[in-house]
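Letter by letter, the chains look like this.
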Amino acid sequence: MDKQIEGANTEAGLTVSGLCHRFGAKQILRNINLHVAPGQILCLLGPSGCGKTTALRLIAGLEELQAGRISWNGNVLADVGHNVPPEKRAVSLLFQDFALFPHLTVAENVAFGLKKLDSRERDSRVHEVLDQVGMFQFANSYPHLLSGGEQQRIALARARAPRPRIFLLDEPFSNLDTRLRNQLRELCLHILKKSRSASIIVTHDPEEAMLMADKLAVVRDGEVIQVGSPEELYFRPFNAFVAGLFGEVNKITGRVMDGHVLTPLGRICARELSNGIEVDVLVRPEALKVSEAADTTAVANVITTRLLGGSSLLHLSIPNGEDGGLHLHSRVPGRVLPTEGSSIGVSLDQQNIFVFPK
Ligand SMILES: Nc1ncnc2c1ncn2[C@@H]1O[C@H](COP(=O)(O)OP(=O)(O)OP(=O)(O)O)[C@@H](O)[C@H]1O
Ligand SMILES: [Mg+2]
């Protein structure tokens, strides 16, 4: 009989509340709270060693829970002293190292988790998921005859076959080269969006997180720093760490005066911060727009320029009274390559500028 949570959160899907974990004296997870609805993809994004895999292992039931609670649709999967065994949680895991059984064929690998089905249903489900990942023609091959990308497709098919209600993916694409990684992310995204699983993908690649996530949770030192849609995290980062996750940012230091910071780029709004405090102004390269127009907020010297394909990167210097000036990077869409050594107007997109206390 399932243990129900009385009067607590019974929202549909996976709920993790107050999850803490230590290994020996070392505190690994600190009060993790997450919710993933059926059909939703949550990305856990954070640096190496911050506890992402540990969180997945606890959800899967591979690690005994020490504090907090994990539940599905209001039914407890784990809390202190109560652990539903992994095989009863309807969880599938996909790791970066494929982990296929070498002595089983592709079809047998995929059928492995389908022992409860009769043979006709099992064959039909194996056929269906192998088709989904474009690998049906390899059904009778053995894993060692397949490339890394093909093996990961099979691992994906095997993990999907039992229709898990919770699908946990731990850096599933990181062993693949860029082209294969992109193909598999795309395939995986479409398969997950068609499913009713609550999915959690662990990654330390912010681009991958943005590509895959409906919802993103940034983890640092075992703590969730911010949870939200990719758009919320990108445009309303909670702190400098989150703002800096999504790529290089220009950093200018300054002091708040009457709700503004005066910088060589012009006045930056800092309405929520008290007068006199020292701040870091973080300016995404795409916040620096260049033009020949007269109404710009600053004038920069063009140090050098590079075409990056879909965008151009400009290295600019803005006079700030110091030798060489303030070095800034501007990223502009398309081919914009002003002459090196020339002067150019700079204006600001306030949406991509963030001010945090130092
Ligand atoms: N079984 C264990 N016993 C002791 N310490 C462990 C154990 N498993 C993990 N750790 C430690 O817990 C911390 C978090 O590990 P975890 O594997 O969860 O990090 P991660 O965020 O997945 O990192 P990565 O991005 O490198 O995979 C690390 O310091 C790790 O050394
Ligand atoms: Mg890990």
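Scroll up a little and you will see the structure.
Quick look at the structure, then.

About the cut-offs
Residues numbered from 1 in each chain as written. Chains lettered and ligands numbered in written order. Predicted model: local features only at pLDDT ≥ 70, side-chain atom pairs only at ≥ 80, totals over all residues. Helix = DSSP H or I, 4+ residues; strand = E, 2+ residues; numbered from the N terminus. Buried ≥ 20, exposed ≤ 12 C-beta atoms within 10 Å, placed from the backbone. Axes fitted to C-alpha atoms, helices over the stretch in contact; angles between N-to-C directions. Parallel < 35°, antiparallel > 145°, perpendicular 65-115°, else oblique. Left-handed = near helix turned anticlockwise from the far one by under 90°. Contact = placed C-beta atoms within 7 Å. Nonpolar A, V, L, I, M, F, W, Y, C, P; charged D, E, K, R; others polar. Near = placed C-beta within 6 Å. Core = buried A, V, L, I, M, F, W, Y, C linked by C-beta atoms within 7 Å. Domains from an automatic or database assignment. Pairing = 2+ DSSP bridges.

**What about the overall build of the protein?**
Looking only at helices and strands, the protein features eight helices and 21 strands. Within the protein, the proportion of its 358 residues that are buried is 33%.

**With respect to the packing of helix H4 (residues 148-160) against helix H5 (residues 178-194)**
For any two helices packed against each other, one specifies the inter-axial angle together with the distance between the axes. In contact at an axis separation of 11 Å, H4 and H5 are set at 15 degrees when each is read in the N-to-C sense. It follows that H4 is roughly parallel to H5 by the angle criterion. Where H4 crosses over H5, the handedness of that crossing is right-handed. Residues Gly149, Gln152, Leu156 and Arg160 of H4 pack against Leu180, Leu184, Cys188 and Ile191 of H5. Its residues assigned to classes, the contact of H4 with H5 shows five nonpolar, two polar and one charged.

**Details of the site of ligand 1**
Taken together, Phe23, Ile28, Gly46, Ser48, Gly49, Cys50, Gly51, Lys52, Thr53, Thr54 and His204 make up the full set of residues adjacent to ligand 1. Residue contributions to the shell around ligand 1 peak at three residues, all from helix H1 (residues 52-60).

**Here we look at the nonpolar core**
By size, the foremost hydrophobic cluster in this structure holds 86 residues, and its most contacted members are Leu42, Cys43, Leu44, Ile59, Val110, Ala157 and Leu168. Among the domains, domain 1 (14-244) and domain 2 (250-357) are the pair contributing at least three residues each to this core.

**Notes on the sheet that holds strand S12 (residues 250-257)**
Read across the open sheet, the five strands follow the order S14-S13-S12-S15-S21; overall the sheet is antiparallel. The open sheet terminates on both sides in strands that have one partner only, identified here as strand S14 (266-269) and strand S21 (353-357). Neighbouring strand axes in the sheet, compared pairwise and without regard to direction, differ in orientation by 35 degrees on average. Of the pairings in the sheet, the one linking strand S13 (residues 260-263) to S14 comprises four bridges and is antiparallel in character. In the sheet register, leucine 262 faces S14, and the bridge partner there is arginine 267.

**Some thoughts on the pairing of strand S7 (residues 91-94)**
Regular strands have side chains that alternate between both faces of the sheet. Burial of S7 is two-sided: the residues Val91 and Leu93 facing one way and the residues Ser92 and Leu94 facing the other way are all buried. The pairing of S7 with strand S8 (residues 166-170) spans four bridges and is classified as parallel. Counted as the bridge partner of valine 91 is isoleucine 166 from S8.

**Things to note about unusual backbone geometry**
With a phi close to 50 degrees, asparagine 73 is a non-glycine residue in the positive phi region. Mapping asparagine 73 onto the fold places it in the loop between strand S4 (67-72) and strand S5 (75-79). One non-glycine residue, aspartate 221, adopts positive backbone phi at about 45 degrees. For aspartate 221, the location among the structural elements is in the loop between strand S10 (215-220) and strand S11 (223-228).

**Focus: the environment of leucine 192**
Within the secondary structure, leucine 192 sits in helix H5. Separated by 20 residues in sequence, leucine 192 and methionine 212 have C-alpha atoms that sit 9.6 Å apart. Other than its neighbours up to four places away in sequence, leucine 192 contacts Ile41, Phe167, Ser197 and Ser199.

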